[in-house]
Structures are given as structure tokens and as C-alpha cells.
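Chains, contacts and geometry: an overview
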Amino acid sequence: MKNPHFLWFHTILFMSFYISQSTGFNSTAAKADIGVILDLDTPLGKVCRTCISMAVEDFYANRDHTTTTVPHFRDSKSDVIAAAYAAIDLMKNTQVMAILGPQNSNQADFVINMGDRAKIPIISPAMSPSLSPQDSPFFIRSAWPSFSQSKAIAAIIEKHNWWKVVFVYEDSGFGRGLVPFLDEDMLESNAHVSYQTAISPTATDDQIARELDKLMKMQTRVFVVDMLPDLASRFFKLAKEAGMMGEGYAWIVSDPLASLLDLMDSKTVEAMQGVLGVKARVQESEEVANFTKRYNNRFRYDNPDMDVVKLNVFGLWAYDSMTSIADSIERAGVTSPRFNRSVDGENSTDLEAIGTSSTGSLLNGLMKNHASKGLSGDFNVSNGQLQPSAFEVVNVHGESGVTVGFWSERCGLLKPGDSEDGCVRNTENLDLIVWPGKTGDAPRGWEFPTSGKALKVGIPAKGGFLEFVEFAKNVFEEVWNKTPYAAPIEYIRSDDGEEYDGFVKKLDLKVIDVVVGDVTITEERSEWADFTIPYTESGIAMVVRTEPDDKKNAWIFMKPLTGGLWITIGAFFVFTGVVVWILEHRINEEFQGPRHKQIGMIFWFSFSTLVFAHKEKVSSNLTRFVLIVWVFVVLVLTSSYTANLTSMLTVEQLNPEINAGDCVGYQKGSFVGGFLIDDMNFDKSNLRSYSTLEEFDDALSKGCSNGGVDAIYDEMPYINLLLSKSKNSHKYKMIGPTYPNSGFGFAFTRGSPLVSDVSRGIVKLTASKEISRISEKWVGEASNGTRNTSNNSLDVASFEGLFLIAGLSSTLALLIFSFNFLHENRLLLTSTDSTMEKLRGLARAFVMGKDKPLSPKASTSRQVRGGGGGGGSSAAMGSFSWKKLG
């Protein structure tokens, strides 16, 4: 027996509701009948019925109105036929102006076709992308389409660096449409749907279990599930039984399942612990909080025999949809007759007897583009589609879903509490997530299959250089043992004589999982396989014999310096000689005398510093300053010249020129042959391939004239092996430039998630020096082969700073000298003589010496007098050099 207080409460509630309704009652208002098709036997159907009833009551309360919307509820009983029958009944017998519903996409598909024929708007929350308002003119979607959440799901996948996902969907009109949108959005982050499987709503538990077993044997551990609650409940319970809800797995569920988690039974929620969900976000507001309280009371009244079902976004959309319908009817009005019928008949299921709605087109036009502020947020319908905004990311933990973040087109992923103004986001993007297995560590997204099968490792079969195959195997085994995978290794050898390219292509055939050996990473091979980072040094080099070349270049002594540098050095020698002469001429007899003697002194003094053979003493401190700097410059230049010339002479002995017409050897089956022809322009007829180290040694020792080769081109690891293990290694040198390539790597099937883990293992092995130990074991220590990377001559740019210092020091000395000279002859400069007379006077003063500066009067004399301090030689020089100035 029910509590009498409870019954009294609902009686009072009903009376107060009736009184509030009667305040908006209008006896003259035109009646507008609206059909509502819901699965009334489901909790969601009951939620929507309560919300729709409240929407009608709220719309007309305390409002002047000329129409009154009357909802006519029909139960579709979760059946397509029942939904179609209800629609026919509402159109033909009730003559409704519009139909709200059905909820289910399969049911809505048939009803929408009927609405198009009868020109009656069908306002349905069906989310399937296969139903389009563009294809059905009288269909208005009152929920966000399921494809609108694909970008939010893709953002979660990208955040966790998952490359592949498995898509599991319900094999119905609802579940088939999401995958192409999800795959497209995931491609932006280089991820994709690697496998998809459809599960029928009528599938037995055994059928679902068999599909789960198939999924468990795959490498991918990220699953996106697009199902309705009934099938999802069975699916996740069986997934837990199969051990797929534990650590290492990641599950993401879409809407509407994520929005309806509160409708799931406790065992289903327990099975779904750690699952992530994406659902439509409802902004918290005072209006929503007040409505929720009223809804809870009304739901108890409408359904006294069951607990209150928590309000969800579908209930709010139903409320806003009904409000939108009532508002549009108020603007469109009600006409009579409501239907134009061309066929008479009493059969209530006769589609031809329904006719077409007289107000449907007007009402449809108003509702297809409608904007209002609803309880669910901005209720904006454009071209018949309710426009999505933000999504909420929830984590199933405990008894329900816990909000861990949000996603919007403008801001991407945001952590709860992050500001959406300007998209100020936290670096973590999402709050703490409890993953399956109750761990806080995000799953890597894949694991090695648990079926117990071995990792099939392809090994090249070759006649020589087997050390590198064993070296590669050893490295791979060390790396594999450090990964968390317990799968055994099964080695599969290639066919005898099979080219490396052909062997790598077998990865596409799934014959092998990985190729381990001396496989070089090339651009062409990367189109067939995904390579790890290289585990050897890279590059192609050349080995030659070290016999000296008798050919000598008569001008090799000029090669250490470029022509520009030779000219620059000569110019600075002359410039420095001139500066020293200017500084010393007035005070040093050794820099005086006849003109030819002084010109010779300029060149002799500066060039003699080259071998430090100058014997003239200098008197000026400025000259000493200039010479200190210049001698340092000469020392650097001579040392650099000597070093470069020595290097060139040594390389001339060790480095015979290898031309395109010479005989050159390479390893059989290697891509180096193609490199020599295509990139180095060698004649194919001069190329000779060899298979073993011994053949390399023999061919290089013989030389081209005796049936061998002049040089061997190969990759660095093979060159090092030749130089370290050949019996004639002391006669060989590695010379010339090293042509870069990508080195050896392990080749996996394209898209294999093993690539990243094995690459990380190579990095750790290299850092621990373990890879060096393995290399010494199989290949030996790397040879110190001489490498002549270039014979570039030194140029001006190499000594720019040096010349700058020399030039500045000489110029500074000249400036100081000029200042002192002009100061000594200031009386001459301040005289009233003409400019030409002043210049002649300064010239005479420079020639006569420092001790006898000229007076203005003396400067006018045309006769050059011998001056003291300069001596007779100075006077003679003055008379000889300047007699034509007058």
C-alpha cells in the first residue's frame, strides 16, 4: 500500500499545476494537433514524454495565444511496423500538423518517407547520418547527427598518440554511418580505422563472444563503439568476461550511449569501468537546475510505479523541440481543412487516403530554420539540422560517467575549469582518467597478439658478408628482449639469390612481420615498409690502394691558396711597405735616398718579413706597432699555407683520381650499383659486382689492368669490415667524400605499431654502448681509414678577421702620424698662402725631415733647402724629388 502522504503530495501538486495551466487557457484558441511517437515502454521514452508535456504547459502558461498545441502520444513499442502504423493513424485519423519522433533511426526512416508524401514535418532526434534533411525536405533533425562527434573522438585518439583503432558498430540504420567521418578526421593525425566489425542487434551471446575473440587476437587495443544501449549492455558484459576490459585496453563510446549511461543497469556500468564517452554538452544554468527539480516531481507523478529516471540531453531536446513546434504553429496559424485529400476511403492504413497537409509546407519552412535559447542551450536549426556546439568527455568510473574534459570546434580539447574565452587550455587537456584495469597510465593502443603465435622474422640469404646478418640478428634480439612482448621469434630465410627489394615487398603479403639484416633504408623501400631508426652509421665511401702516384703537378704550390687570397696578400704586403716607409722616411736614413732606392725599400722591407730577413732598424714606435701586427699576420699565413700544402702533397700520394671510365667494384645485390650509374655517372660496363670480402680484397689488390678494380664503393659498415679484416688492409685507404644515406634499419609491415617500440629500444641500446660491443663481436673495430674529404684551397673568407686587424692597425698608425705631422706644421696651415702653396710646403716639410718645419714665409720660397736632422741625403732627396713643385 502506498504512503498516504505521498498520494496527498501528488494530489496537491496536480491541483497547483492545473491552476497554473488555467491561467493561460484560451477557449477561443484554435486547436493544433501534434503527433508524438515514442518508445513509451523504455525509460528514455518516458523521460521524453514528461518533458514534452511540460513544454506544452510551460509555453502557454501566462501567455496570450491564438492557438493551442495538443500532443497525441503513440507508443511505437520499439518496432518499425508499430511506428509506421502510429504515423498513419496520426496523419489520417487525427490529422496532425506535425509529428515529433520517432526516436529510433530505423523507425524514423519509414515515417520520414510518409511525411515527405503527406507534406507533414517530421521532427525526429534520429542521429543516423543515413537520414539527411537535404534528401528529405520534410525531415527536421532535432538532435545532433552522430557524425558531428567524430572530430571529438579523433581529438582523443590524437592526444594519446594512437595510430590505429577498431570500429565496432551496431548493424542497423543507426550504426553504419559514423565510420567514414571518423576515418577522415583521424587521418589529420596520421591515424586510421584498421578494422571494423558490425554486430547485429539480434546477435546471440555466442556470436558476440566469437567476434570479441577475433578482436582480442589483433594488435590494436583501441576500440570505438557506436551502439544503442540494449546491444551495448550485452556487448560490454561479454567483453569483460573475455578479459578485454583490463589494463592495456582503451574503449571509447559515442552518443547516444554516452548520454544514456544513467539508464544502464549496475552490472553493465561495472563492466564498462574505464570506458571513455563523448556526449552532447549541456551548459549548467539556473533555468536547467529549476527545470530539473520540476521534472523530478512531474516524472514521479507520471510514473508512480518506478524510480525517477535522471534527466538527460534527449529529454531537453524533446522539450526544446516541442517549444519550437508550438512557437511555429502560433506564427503559422491553423487552417481548415487540414488535409487536401484526392482519394476517399475508410481504411485507416490506406496511404493514398491520407492526402497532403494544407499547412505543412508553411510550418516546415518556419521550423527548418529556427533559432531560440532553449534548456539544452542554443537551439539553432539550420536547413533542417540542429547545429552541434560542444561535446563533453566522460570517464565511466564508479556508478556513472565522470566529466574529464570538453571539446569544441573552436578550442579543441579543454580540461574542466579551463577558460573558453580565447581557448586558454591546460597543458594536460583532460582531467585524470581511470582506464580499464583501474590504472592511471594511458594504454599504448596496441599489444602483441595474445594468440601465442611467433613473430615471423625474415632473414636475407646471401653468400658473403654474413657477419652483418648475424650482427643485425644479435641487435634485434637484444632490442626485442627488452620489449614487453613475450612472443617467440621465428626466423624465415629468403630464397637463394632473392634481391633485397623483393624480400622487403613480402611484408605486404603478410608472409613475414619484419625483415632483419643488412637492409639499407631507401626512399623506394620506404614505400613498401616502415623502417625503424638506423642502428649503424650511414654513408657510401670509397676504398683505394695506397700506392703513390708518380704524376706531379708543377703548380701544386699555388693550390693551398685561392687566387683571390694570393692577390689580397700581395696587396697587403705593398700596403704595409708603404705605411712603414711613410712612418720612417723623415727620421730614418735607411728609408731615404734616391727614388729607386726608396721604391725598392718599400717592397723589400715588407716582403722580407715573410722569411723574417729584414735587417733595417726602425725608429718610430708607430712603425714597431704596425710591424708587430704584420709579423703575426705573416706567421699565421705561412703556417696555414704550409699545413695545407703538406696535406695536399700527402693526399696526392694516397688519392689517385677515380674517373667515370675506371673500373669500380661494389657489392652484388646492393643498391650501390644503381647509385654509381645514376648519381656518379659511371659506365655500366666498368662496374663489377662481388659477393664476399675475399672477392673485394682480391679485386682491389689486382687493379683494373689485371682483371680487378681501381676502387671499391660500398656502405660504411662494409668498408670498415674490409679495412679491419682484409689481409691487405694496410695497403688500402678510405678516401674521398662520404655520400650520405640512411643506414641499416629493421623493416616492418606498413603501419606496424612495433616500429616505435623497437626504435626506442635501438636508442637505449646505443646509449648503453651495448651496440658497440655487438659490433666488435661480429664486425670488429672500426678502421681508422684516411679520409680526404676535400682539397679545398684556403680563401679570403678564412682570414677576413686577420686582414681586418692588419688594415686597422696600419690605418690607425697613419692617422696618428698625420695628426702629429700637421700639428708640427700648424704655422704653415694657418698662413695666408694659397692652398697649392700650403701643399707644396707640406711636401717640402715631409722631405726635409722632422727637425725643420717650415715657416709660412719660407714656404713661399721655390728653392728647396737642405734641412737639419735629415742630413745631406735628405736635402738631396728633397731637391731631387720636389724641384718641379715650384
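Presented here is an overview of the structure given in this document. (Residues numbered from 1 in each chain as written. Predicted model: local features only at pLDDT ≥ 70, side-chain atom pairs only at ≥ 80, totals over all residues. Heavy atoms only, no water.)

Considerations on the pattern of salt bridges
Taken as a whole and assessed by the stated rule, the structure comprises 24 salt bridges. For Arg294, the salt bridge is made with Asp58, and the minimal N-O distance between the two is 2.7 Å. One end of the pair, Arg294, is in helix 10 (residues 286-302); the other, Asp58, is in helix 2 (residues 43-60), with 236 residues separating them in the sequence. By relative accessible area, Arg294 is classed as partly exposed at 39%. Ionic contacts of the salt-bridge type, sharing partners, join the residues Glu57, Arg298 and Asp302 into one network. (Salt bridge = Lys/Arg side-chain N within 4 Å of Asp/Glu carboxyl O. Helix = DSSP H or I, 4+ residues; strand = E, 2+ residues; numbered from the N terminus. Buried < 20%, exposed > 50% of the residue type's maximum accessible area, 1.4 Å probe, protein only.)

Here's the deal with the sheet that holds strand 21 (residues 514-515)
Strand order in the open sheet formed by five strands is 20-19-21-28-22, with mixed pairing between adjacent strands. Each edge of the open sheet carries a strand with a single partner, namely strand 20 (489-493) and strand 22 (530-531). Sheet analysis places strand 19 (residues 455-459) next to strand 20, joined by five bridges and oriented parallel. The partner of Leu455 across the bridge, within strand 20, is Ile489. In this fold helix 13 (residues 466-481) packs onto strand 19, strand 20, strand 21 and strand 28 (747-748), with an angle of close to 160° to the strand it touches most, strand 20. (Pairing = 2+ DSSP bridges. Contact = heavy atoms within 4.5 Å. Axes fitted to C-alpha atoms, helices over the stretch in contact; angles between N-to-C directions.)

Observations regarding the state of the cysteines
Here, disulfide denotes a covalent bond that connects the sulfur atoms of two cysteines. According to the stated counting rule, one finds one disulfide in the structure shown. Covalent S-S linkage joins Cys663 and Cys704, the inter-sulfur distance amounting to 1.9 Å. Placement of the pair is Cys663 in the loop between helix 17 (621-654) and strand 24 (664-667) and Cys704 in the loop between helix 19 (693-702) and strand 26 (711-715), with a sequence separation of 41 residues. By relative accessible area, which is 25% here, Cys704 ends up partly exposed. Considering cysteine sulfurs only, Cys48 is the nearest to Cys51, which forms no disulfide, with 6.6 Å between them. The class for Cys51 is buried, based on a relative accessible area of 0%. (Disulfide = S-S within 2.5 Å.)

Here we look at the side chain of Asn825
The residue Asn825 is located in the loop between helix 23 (800-824) and helix 24 (826-829) in this model. In terms of polar contacts, Asn825 uses its side chain to reach the backbone carbonyl oxygen of Phe821, at 2.9 Å. (Polar contact = N/O pair within 3.5 Å; in protein donor to acceptor, adjacent residues only side chain to side chain.)

Re the side chain of Ser809
Mapping Ser809 onto the fold places it in helix 23. Look at Ser809 and you get buried, because its relative accessible area is 6%. One polar contact links the side chain of Ser809 to the main-chain carbonyl oxygen of Ala806, over a distance of 2.8 Å. Not counting residues up to four positions away in its chain, the partners in contact with Ser809 are Phe625, Val626 and Val629.

Observations concerning helix 8 (residues 229-241)
Over its 13 residues, helix 8 extends 18 Å from the first C-alpha to the last, a length consistent with the 18 Å expected when each residue adds 1.5 Å. Looking at helix 8, one finds that the buried residues are Pro229, Leu231, Ala232, Ser233, Phe235, Phe236, Leu238 and Ala239. Here the buried face of helix 8 lies against strand 6 (164-170), strand 7 (192-199), helix 7 (205-216), strand 8 (222-226), strand 9 (250-253) and helix 9 (266-271). (Expected span 1.5 Å × (residues − 1).)

Structural notes on the sheet that holds strand 9
Strand order across the open sheet formed by eight strands is 7-6-8-9-10-16-17-18, with mixed pairing between neighbours. Pairing within the sheet leaves two strands with one partner each, and these edge strands are strand 7 and strand 18 (412-414). The average angle at which neighbouring strand axes cross in this sheet is 25°, direction not considered. One ladder, built from four bridges, connects strand 6 with strand 8; its direction is parallel. Within strand 8, the position partnered with Tyr169 by the bridge is Asp226. Contacting strand 6, strand 7 and strand 8, helix 6 (residues 179-186) runs over the sheet at an angle of about 165° to strand 7. Of the strands in this sheet, strand 6, strand 7 and strand 8 are in contact with helix 7, which crosses strand 7 at around 165°.

Side note on the nonpolar core
In this structure, Ile157, Phe291, Tyr295 and Trp317 are the most contacted members of the largest nonpolar core, which totals 77 residues. Not counting the four nearest positions on each side in its chain, Ile157 is found in contact with Trp162, Val165, Met186, Ala191, Val224 and Ile252. In terms of nonpolar packing, the next biggest core, distinct from the first, is built from 47 residues, Trp446, Phe476, Met734 and Phe744 among them. (Core = buried A, V, L, I, M, F, W, Y, C linked by side-chain atoms within 4.5 Å.)

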